[in-house]
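Architecture and fold: a report
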Amino acid sequence: MGILIGGVSEEVEGLVTCSWIDSPGPGPTGLRLTTEDREERSAESWVHAIVLHTTRGIPGGLDQRRQRILSGVPPTAEHVRSVLDGWASDHCCASAHFVIDFDGSVACVADPLTETTYHAGHRAINHHSIGIEMYQGESAELYEVQLESTVRLVDFLTRRFGIQRQFHWPYQNQALARILDGGSSVVGVYGHREASDDRGEGDPGDAIFEALRRAGYERFNFAQGEDLAVWRARQEELNQRLGVGITTDGVPGQQTVLALREADRPHGLWVSRPGD
Ligand SMILES: [Zn+2]
């Protein structure tokens, strides 16, 4: 049991995970995306964003009910296969790499390193991002344990892929031009709502970003380029301190990650988390 990265199973500490190796599919019993819902990721793709979703996207569109974040013991019924069946029967391509069920268990249905999934509705974004879907119930509900699992999974993926722990804040009821342009300068975590004019506040809602804030993730107004200004200064400081030549473009890419490692930040990330 584990998630598959580059075809190799990896355990994520503190999480219950499984993949299609444990339950071969596709089909009613499998945990695998159909071939129509995934494609090979180009070897040159720099994976630098994690896009968060809820399966129902409430509140959004005509359904403006508020999200309910429930504590306590979630129902044990498993929903991942129904999500996969929905994607498989959908005429348009829809999918993600991970589905997080009510109980916080994580199903890996595509390989985040070698496969692109169709979660952001924008080809360029899909090619450089990882999609995570949180299962949302018919009453617009999510469970606290689900949010906790999502944070742990994002902790793991940011560490594994060298993606800085930062997200866009505040939500401004519209997609961000920098992301709609393809998102090449946006590193970190954002919601589907920031990447599309067709999605509303509830894809994925504010609660997951509050959870990331409590976990110490940095908040920047991506629309105003706050992240770029802060990282430009950090890159200049690294260049002076280490005598390296990072491009000071404010986009923390692989050069910046390597320099941060040299500067004794584990895994090259500015923000550290348990498990690093
Ligand atoms: Zn979405």
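It should be emphasised that the depicted structure is a prediction, and the values quoted were computed from it without experimental measurement. (Residues numbered from 1 in each chain as written. Predicted model: local features only at pLDDT ≥ 70, side-chain atom pairs only at ≥ 80, totals over all residues. Heavy atoms only, no water.)

1. A look at the coordination of the zinc ion
Put simply, the ideal angle at a metal is 109.5 degrees for four donors in tetrahedral geometry and 90 or 180 degrees for six donors in octahedral geometry. Under the convention used in this document: Donor selection uses N, O and S atoms within 2.8 Å of the metal (3.2 Å for Na, K and Ca). Since no water is included, sites may look incomplete. Elements are defined by DSSP. Helices are runs of H or I of four residues or more, strands are runs of E of two residues or more, and each kind is numbered from the N terminus. Think of it in three bands: with a 1.4 Å probe and only protein chains considered, a residue is buried below 20% of the maximum accessible area for its type, exposed above 50%, and partly exposed in between.
Distances from the zinc ion to its protein donors, namely His53 (ND1), His192 (ND1) and Asp203 (OD), fall within the range 2.0 to 2.1 Å. All donors of the zinc ion belong to a single chain; written as a sequence motif, their spacing is H-x138-H-x10-D. With His192 in the loop between β13 (188–191) and α5 (207–214) and Asp203 in the loop between β13 and α5, the pair connects residues that are 11 residues apart, well separated along the chain. Assessed through its relative accessible area of 1%, Asp203 is described here as buried.

2. Considering helix α3 (residues 144–161)
In plain terms, the rule: Helix span is expected to be 1.5 Å times the residue number reduced by one.
Taking 1.5 Å as the rise per residue, α3 with 18 residues should run 26 Å; its terminal C-alpha atoms sit 26 Å apart, in good agreement. Among the 18 residues in α3, 13 count as buried, and that is most of the element. Directly beyond the C-terminal end of α3, a positive phi value near 65° is found at Gly162.

3. Considering unusual backbone geometry
In this chain, Trp169 is followed by Pro170 through a cis amide linkage whose omega measures 0°. Note that Pro170 resides in the loop between β12 (166–168) and α4 (177–180). Between Asp203 and Pro204 the backbone carries a cis peptide bond, its omega angle lying at 20°. Position of Pro204 relative to the elements: it lies in the loop between β13 and α5. Even without glycine at this site, Ala140 takes up a positive phi of about 70°. Here the phi dihedral of Asp264 falls at roughly 70°; this positive angle occurs in a residue that is not glycine. Positionally, Asp264 belongs in the segment after α7 (254–262).

4. Section: the domain arrangement of the protein
Operational definition: What marks off one domain from the next here is an automatic or database domain assignment. In what follows, a contact means two residues having at least one pair of non-hydrogen atoms within 4.5 Å. Note: buried area is the sum, over both parts, of the accessible area (probe 1.4 Å) each one loses when the two are combined. Whenever Lys or Arg places a side-chain nitrogen within 4 Å of a carboxyl oxygen from Asp or Glu, that contact is recorded as a salt bridge. In the analysis that follows, any N or O atom pair within 3.5 Å is treated as a polar contact, provided that within protein one partner can donate a hydrogen and the other can accept it, and provided that, for residues neighboring in sequence, both atoms belong to side chains. Only Asp, Glu, Lys and Arg are considered charged, only Ala, Val, Leu, Ile, Met, Phe, Trp, Tyr, Cys and Pro nonpolar, and every remaining residue, Gly among them, polar.
Domain annotation for the protein reports domain 1 (3–224) and domain 2 (226–276). Its C-alpha centre places domain 1 at a distance of 26 Å from the equivalent point of domain 2. Each side of the interface is counted separately: domain 1 has 23 residues, and domain 2 has 22 residues. Contact between domain 1 and domain 2 buries roughly 1900 Å² in total, counting both sides, with carbon and sulfur atoms accounting for 52%. In terms of surface lost to domain 2, no three residues of domain 1 exceed Arg159, Gln164 and Arg165, which account for 34% of the buried area on that side. Ionic pairing is found between Arg178 and Asp227, a salt bridge with its closest N-O pair at 2.9 Å. Between the two partners, domain 1 and domain 2, sit 12 residue pairs in polar contact (both at pLDDT 80 or more). When residues of the side of domain 1 that touches domain 2 are traced back to their parent elements, those giving at least two are α3 and β14 (218–220). The leading source of residues in the side of domain 1 that touches domain 2 is α3, at four residues. Each residue belonging to the side of domain 1 that touches domain 2 can be placed in one class, and the counts come to eight nonpolar, nine polar and six charged.

5. Examining α7
In an α-helix there are 3.6 residues to a turn, and that puts residues three or four apart on one side. Heads up, the condition is: Taking the helix axis as origin, the arc is that swept by the directions to the C-beta atoms.
For α7, the full list of buried residues reads Thr256, Val257, Ala259 and Leu260. Down the axis of α7, the sector holding all buried residues measures 165°, keeping them to one side. Away from its buried face by more than 90 degrees, α7 exposes Gln254 and Leu258. Following α7 by one or two positions, Asp264 has its phi on the positive side, about 70°.

6. Describing the pairing of strand β5 (residues 49–54)
Applied cut-off: The pairing criterion is simple: DSSP has to find at least two bridges between the two strands.
Across the six residues that make up β5, a large majority, six, are buried. Here β5 shows two buried faces, one formed by Ala49, Val51 and His53 and the other by Ile50, Leu52 and Thr54. Both β5 and strand β10 (residues 129–134) contribute to a ladder of six bridges, which runs parallel. The partner of Leu52 across the bridge, within β10, is Ile132. Alignment of β5 against β13, held across four bridges, turns out to be parallel. Within β13, the position partnered with Val51 by the bridge is Tyr190.

7. Description of the environment of Arg56
Its place among the elements puts Arg56 in the loop between β5 and β6 (68–70). Sequence spacing of Arg56 and Met134 is 78 residues, and the spatial spacing of their C-alpha atoms is 9.0 Å. Within the local environment of Arg56, its side chain forms a polar contact with the backbone oxygen of Gly137, the two atoms lying 3.2 Å apart.

8. Digging into the side chain of Arg32
Take Arg32: it is sitting in the loop between β3 (17–19) and β4 (38–40). Since its relative accessible area comes to 12%, Arg32 is described here as buried. Within the structure, Arg32 has its side chain in polar contact with the backbone oxygen of Val109 (distance 3.2 Å). Once residues lying within four places of it in the same chain are set aside, the contact partners of Arg32 are Trp20, Gly25, Pro26, Arg38, Leu84, Val109, Ala110, Asp111 and Glu115.

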